[in-house]
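Structure at a glance
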Amino acid sequence: MKMKKIVMTAALAAFTLAASAQSLNVSSAFQDMRKGYLNKAKAEIDAACLHESTKDEPKTWCYKALIYSQIGGDAQAKKPKYKNLAPDWAEQAYTAALECKRLDTKQEFAQQVNEVFSFVGNEYYKQATAAYESKDYAKAIELAEKSVTSFNNSGKSQFALDATYIAGLSSVATHDTANIKKFFNAMTRKKTNINYVYVTLFGISVAEKDNASAMKVATNYVKNCKDDYKAFLLRANGYLLDNNVEKGKEDINTALEMTKDSVNIYPDVLVLAGDLLSGEGVADYEGAEAKYNQSLMLKPNQFGANFGMGKMVYNRAADKTNAANAIDPFAADYDDEKAALYEKLIEEAKAYYGQSIVYLEKAVSYIDGLPEGEFKNAQRPNLINVLVALGTAYAHVDRATDADAAKARVDQLMK
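All values derive from a computational prediction rather than experimental measurement. (Residues numbered from 1 in each chain as written. Predicted model: local features only at pLDDT ≥ 70, side-chain atom pairs only at ≥ 80, totals over all residues. Heavy atoms only, no water.)

**Thoughts on unusual backbone geometry**
Defined as follows: Numbering goes from the N terminus for both helices and strands, where a helix is a DSSP run of H or I of at least four residues and a strand is a run of E of at least two.
Its identity as a non-glycine residue notwithstanding, K191 has a phi of 65°, on the positive side. Positioned with a positive phi, A283 is a non-glycine residue whose angle comes to about 55°. When you line up the elements, A283 lands in the loop between α13 (266-277) and α14 (285-298).

Quick look at the structure:
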């Protein structure tokens, strides 16, 4: 009996000594971190996280989160002392912070782990941005979601918006509609002010013929960004899709009123107003023409108003042409009246095509006059669209040589 008791006592003493050693390891790790001895601190805290006596202590995991965050900070320095000590420091710090949060029922270490979550969230955001820029979109989404989770855990969820945007942009790049909705809708709930988010969601809803969802997006935009004229233009578009012309025009006028004193913005808003008024659902050609002409009066040398006006008149010509072509000269009810209508429609179309040429040529001249560089290259799709329309317009007004030249230029640009 005595021998057994001695053995048990010895075993208990050994356990007590080990426990004390591990507790000492936790404190030593923290002290070594403060002194900058990160290699020693890492070894000590890693051991403490595995030991039975300290692995369930929130302090242990808090210190691990802090130490690995410090390692990450050192790795990002211009001259890191411990460059390759823990390449996975962000994941280690994040996991440790989560474990501390789980164990810390009294929230003694909440402030420290929240700072770790913020630091790691920022690191994941930077990595997500780099992945997006290198077109590794799947990786970008994965990292962005980690960033969002980190910031949400830190209590600073407002900082998660940038990471959510990266995830959304990556989803746009991969044409993943479900994820676009997931990430961009999350941003609208956080009252983002990024126009592209609302416009993209609006466009998806329109493509899906879900006008109610499109209107909801536009309404949320106005609610979240009541000082943004673009919000009112988007909602105007939603109203016009629902054939609510009166409400649509009210929002157009609101956007114009908001920008009337801005020399740089107002001419462009007039163009956008003209585009909306000339749309198929409204067909307020006189109103649209007035807006385009007002924009041109304020800013003669531009693409938007010239193309908008040219496109509107061109489309009216195309409508006349289509109406004329719908008259079948071989139909049983074809008579002199329909023959006269055909001729009338063709003449009206020709007149509209002629009018469109004036504006379309100015749109081409504007792009041609831009200095060589990235911005001019970005206008290539617009230039092609205008030249295609010009070629058709030239053909309808019997300017075959000009039509051929326009087509040749399009062919050259398409190479």
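**Considerations on the pattern of salt bridges**
Our working definition: The working definition used for a salt bridge is a side-chain nitrogen of Lys or Arg within 4 Å of a carboxyl oxygen of Asp or Glu. The buried label goes to any residue with under 20% of its type's maximum accessible area, the exposed label to any with over 50%, and the partly exposed label to all in between, with areas taken from a 1.4 Å probe on protein chains only.
Taken as a whole and judged by the stated rule, the model has 24 salt bridges. For K55, the salt bridge is made with E52, and the minimal N-O distance between the two is 3.1 Å. For K55, a relative accessible area of 27% translates into the label partly exposed. Among the residues examined, E52 registers a relative accessible area of 55% and is labelled exposed. A salt bridge links K146 to E142; its shortest N-O distance comes to 4.0 Å. With a gap of 4 residues between them, K146 and E142 both fall in helix α6 (residues 137-154), about one helical turn apart. Taken together, the salt bridges that share partners define one network made up of E91, K139, E142 and K146.

**Re the nonpolar core**
Formally: Definition used in this section: a nonpolar core is a set of buried Ala, Val, Leu, Ile, Met, Phe, Trp, Tyr and Cys residues joined via side-chain atoms within 4.5 Å. Contacts are assigned to residue pairs with any non-hydrogen atoms lying within 4.5 Å of each other.
Ranked by internal contacts, the top residues of the largest apolar core, which has 65 residues, are I252, L256, Y292, Y353, V386, L387 and L390. Dropping the residues within four chain positions of it, Y292 is found in contact with V271, G274, D275, S278, A305, G308, M309 and M312. Counting residues in hydrophobic clusters, the runner-up holds 46 residues, among them M33, A93, I141 and F183.

**Let's talk about the packing of helix α16 (residues 336-368) against helix α18 (residues 380-396)**
Quick note on the threshold: Inter-axis angles, ranging from 0 to 180 degrees, are taken between N-to-C directions of lines fitted to C-alpha atoms, where helices are fitted over the stretch in contact. Any angle from 65 to 115 degrees is called roughly perpendicular, while one under 35 is roughly parallel, one over 145 is roughly antiparallel, and all others are oblique. Each crossing gets its handedness from the near helix: less than a right angle anticlockwise from the far helix is left-handed, clockwise is right-handed. Side-chain classes follow a simple rule in which Ala, Val, Leu, Ile, Met, Phe, Trp, Tyr, Cys and Pro form the nonpolar group, Asp, Glu, Lys and Arg form the charged group, and the remainder, Gly included, forms the polar group.
Following both chains from N to C, one finds α16 and α18 inclined at 150°, their axes separated by 9 Å at the closest point. Relative to α18, the element α16 lies roughly antiparallel. Note that α16 runs across α18; the crossing there is left-handed. In contact with K350, Y353, S356, I357, L360, E361, A363, V364, I367 and D368 of α16, α18 contributes N382, L383, V386, L387, A389, L390, A393, Y394 and H396. Of the residues belonging to the contact of α16 with α18, the class tally is 13 nonpolar, 3 polar and 3 charged.

**As for the packing of aromatic side chains**
When we look at a pair of aromatic rings, we describe it by the centre distance and by the angle of the planes. Using the following cut-off: The pairing test for Phe, Tyr and Trp rings, Trp by its six-membered ring, is centres within 6.5 Å, and the orientation test on the planes gives stacked under 30 degrees, edge-to-face over 60, and tilted for anything in between.
With the rule as written, the count across this model stands at 11 aromatic pairs. Both rings, one in F184 and one in Y196, keep their centres 6.2 Å apart while their planes meet at 85°; by these two values the pair is edge-to-face. One end of the pair, F184, is in helix α8 (residues 177-189); the other, Y196, is in helix α9 (residues 195-207), and 12 residues separate them in sequence. A network of ring pairs unites the aromatic residues Y94, F117 and Y124 as a single cluster.

**Examining the packing of helix α4 (residues 89-103) against helix α5 (residues 110-133)**
Look at α4 against α5: their axes get within 9 Å of each other, and the N-to-C directions meet at 150°. Between α4 and α5, the interaxial angle falls into the category roughly antiparallel. Once α4 is placed against α5, the crossing between them reads as left-handed. Judged by residue contacts, W89, A90, E91, A93, Y94, A97, L98, C100 and K101 of α4 engage V113, V116, F117, F119, V120, E123 and Y124 from α5. Taken together, the residues of the contact of α4 with α5 sort by class into 13 nonpolar, no polar and 3 charged.

**Structural notes on the environment of K190**
Stated precisely, the cut-off is as follows: Definition of a polar contact: a pair of N or O atoms within 3.5 Å, with one able to donate and the other able to accept a hydrogen when the atoms are protein atoms, and with sequence-neighbouring residues admitted only if both atoms are side-chain atoms.
Tracing the chain through its elements places K190 in the loop between α8 and α9. Exposure remark for K190: the relative accessible area of 47% places this residue in the partly exposed category. For the pair K190 and K344, spaced 154 residues apart in sequence, the C-alpha separation works out to 56 Å. Not counting residues up to four positions away in its chain, the partners in contact with K190 are S157 and L161. Of the polar contacts made by the side chain of K190, one reaches the side chain of S157; its length is 3.4 Å.

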